[in-house]
Each structure stands twice: as C-alpha cells, then as structure tokens.
Amino acid sequence: MSELPAWHGTTILSVRKNGRVVIAGDGQVSLGPTVIKANARKVRRIGAQNDILVGFAGATADAFTLLERLEGKLEKHPGQLTRACVELAKDWRTDRYLRRLEAMMAVADREVSLVLTGQGDVLEPADGIIGIGSGGNYALAAARALIDMDVDAETIVKKSMAVAAEICVYTNTNVIVESL
C-alpha cells in the first residue's frame, strides 16, 4: 500500500533587533517532488489594530484553524499576546481535535516573540530569533550569524531567507515580509 506524498515547504523566520520585529515567509508549497504553489502567503497581520505578526508552518488547514483560534483568544485577552498564546496552548494540549493538528506558528508583537508548537508549547527565544518550517533551521543559523552585523532586522531576514532558499528544496525566494 503506497502512502500519499507529504506536503512540504515552509520557511518562516522572525528577527527582533533594535526595537523592530520582522517576520518573513517563503511562498512555496510542495506535494512530494512537485511545487504546487509558489506564492502562498504564510505571514499575516492579526489583532484589533493589525499589531501582531504571525507566520505559520505545517498543514495549511491546520495552521488556519490555529490562526482563527489565536484570534479568538486575542479578542478575549486584548493586548496580551503571551496570555492569548498560553490559553491557546492549553486548548491545544487538552482538546482531542486540536491535538491532531500539525502546524507551528511564530507570533510577535512589539514586546514579545513566541513559537507555538504542535505539542502545545509556548516558547520565547532568548535571542529574539525564530526559525520554523522545513528551511527554518537554515534561516535561523544565517540570522544568528548576521545579528551582530551593522544591519537592520529586515535586512537580516531577507538575507537569511535567501540562504535558506539556496539550501532547502522546499523553500523559494518569493518572500513576504511584515514588520513592526
């Protein structure tokens, strides 16, 4: 019995530097060895004032489900990104339906950057840099190498995403960048 090929293809990178936060995501979605879409939008602004950045990796429908749930938590806890993420993580860990979702999210506002994992964890990186998805570790390594350079967060993100696209076959150079 043959299995269907897995969906692949996301690199999400977030960098926080000098009071700015930037999240970028590539546009490639692949099914096995085939590029299904080259210009997917995996980075969004959410919140009542569009003041929260979200990048998602994993199964698309699962990621959108989590995005909707996060928006609901933000409505209950306006201006409290960390609390909203923790409340979502609680649901993720205890709800049978949510536990089956295969996605991760990088979220950031002006104060904090967080990773929400498929295990229901909420993690805040010590260095303000987040990389998730198939090319996330490549972009993360490049960003860490560039963080001490005399360049802004957006430049670091763009250069790091280009490095990931050169290494990861599931990542392309069609990058969407959002910043606060």
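As the structure is a computational prediction, the values presented were derived from the model and not from experiment.

Caption draft 1: Quick peek at the overall build of the protein chain. From N to C terminus, the protein chain includes 5 helices and 12 strands. Taking 180 residues into account, the globule formula puts the C-alpha radius of gyration at 16 Å, and the protein chain, at 16 Å, falls close to it. Seen along its three principal axes, the alpha-carbon backbone of the protein chain occupies a region of about 55 × 40 × 25 Å. Taken across its 180 residues, the protein chain has 47% of its residues classed as buried. Separation of charge centres in the protein chain, based on 21 positive and 22 negative side chains, amounts to 3 Å.

Caption draft 2: Structural view of the confidence of the model for the protein chain. Summary statistics for the protein chain give a mean pLDDT of 89 and a share of 92% for residues scoring 70 or more. At the level of individual helices and strands, the protein chain shows its lowest average pLDDT in strand β1 (residues 7-8), which scores 54, and its highest in helix α5 (residues 153-167), which scores 98.

Caption draft 3: Unusual backbone geometry, seen in detail. One non-glycine residue with positive phi stands out, namely Asn18, at about 50°. Mapped onto the fold, Asn18 is located in the loop between β2 (11-17) and β3 (20-26). Judged by its relative accessible area of 69%, Asn18 falls in the exposed class. Even without a glycine there, the phi angle at Asn50 is positive, about 50°. Within the element layout of this structure, Asn50 appears in the loop between β6 (43-46) and β7 (52-58).

Caption draft 4: Spotlight on the pattern of salt bridges. In this structure the tally under the stated criterion is 7 salt bridges. We note a salt bridge from Lys42 to Asp26, for which the minimum N-O separation is 3.3 Å. Taken together, the residues Lys42 in the loop between β5 (34-37) and β6 and Asp26 in strand β3 connect sequence positions 16 residues apart. Comparing Lys42 with Asp26 shows no difference in burial state: the two are buried. Linking Glu178 and Arg45 is a salt bridge whose minimum nitrogen-to-oxygen distance equals 2.7 Å. Taken together, the residues span a long stretch of sequence, with Glu178 in strand β12 (residues 175-179) and Arg45 in strand β6 at a distance of 133 residues. Look at the salt bridges and you will find they share partners, linking Arg41, Arg45 and Glu178 into a network.

Caption draft 5: Inspection of helix α2 (residues 81-94) at higher detail. Helix length check: α2, at 14 residues, gives a terminal C-alpha distance of 20 Å against a target of 20 Å (1.5 Å per residue), a fit within 8%. Among all positions in α2, only Leu81, Ala84, Cys85, Glu87, Leu88, Ala89 and Trp92 are buried.

Caption draft 6: How the structure looks around the sheet that holds β6. The strand order across the open sheet formed by 5 strands is β6-β7-β8-β9-β10, and the pairing between neighbours is antiparallel. Of all strands in the sheet, those bounded by a partner on one side alone are β6 and β10 (122-123). As paired elements, β6 and β7 share 4 bridges and run antiparallel to each other. For Arg44, the partnering residue across the bridge sits in β7 and is Val54. Contacts from helix α1 (residues 60-76) reach β6, β7 and β8 (103-108), with the element oriented near 40° to β8.

Caption draft 7: Inspection of the layout of surface pockets at higher detail. One number sums up the size of the second largest pocket: a volume of about 260 Å³. Considering the residues around the second largest pocket, the lining is formed by 14 residues, among which Gly47, Ala48, Asp51, Ile52 and Gly79 are closest to the centre. The greatest single-element share of the lining of the second largest pocket, amounting to 3 residues, is contributed by α1. Class assignment of the residues belonging to the lining of the second largest pocket gives a composition of 5 nonpolar, 4 polar and 5 charged.

Rules behind the numbers
Residues numbered from 1 in each chain as written. Predicted model: local features only at pLDDT ≥ 70, side-chain atom pairs only at ≥ 80, totals over all residues. Heavy atoms only, no water. Helix = DSSP H or I, 4+ residues; strand = E, 2+ residues; numbered from the N terminus. Rg over C-alpha atoms; globule rule 2.2 N^0.38 Å. Buried < 20%, exposed > 50% of the residue type's maximum accessible area, 1.4 Å probe, protein only. Lys, Arg positive; Asp, Glu negative; His and termini not counted. Charge placed at Lys NZ, Arg CZ, Asp CG, Glu CD. pLDDT = per-residue confidence, 0-100. Salt bridge = Lys/Arg side-chain N within 4 Å of Asp/Glu carboxyl O. Expected span 1.5 Å × (residues − 1). Pairing = 2+ DSSP bridges. Contact = heavy atoms within 4.5 Å. Axes fitted to C-alpha atoms, helices over the stretch in contact; angles between N-to-C directions. 1 Å grid on protein atoms, 1.4 Å probe; cavity = no way out; pocket = protein on both sides within 12 Å on 5 of 7 lines; lining within 4 Å. Points joined across faces, edges and corners; volume = space filled by probe spheres on them. Nonpolar A, V, L, I, M, F, W, Y, C, P; charged D, E, K, R; others polar.

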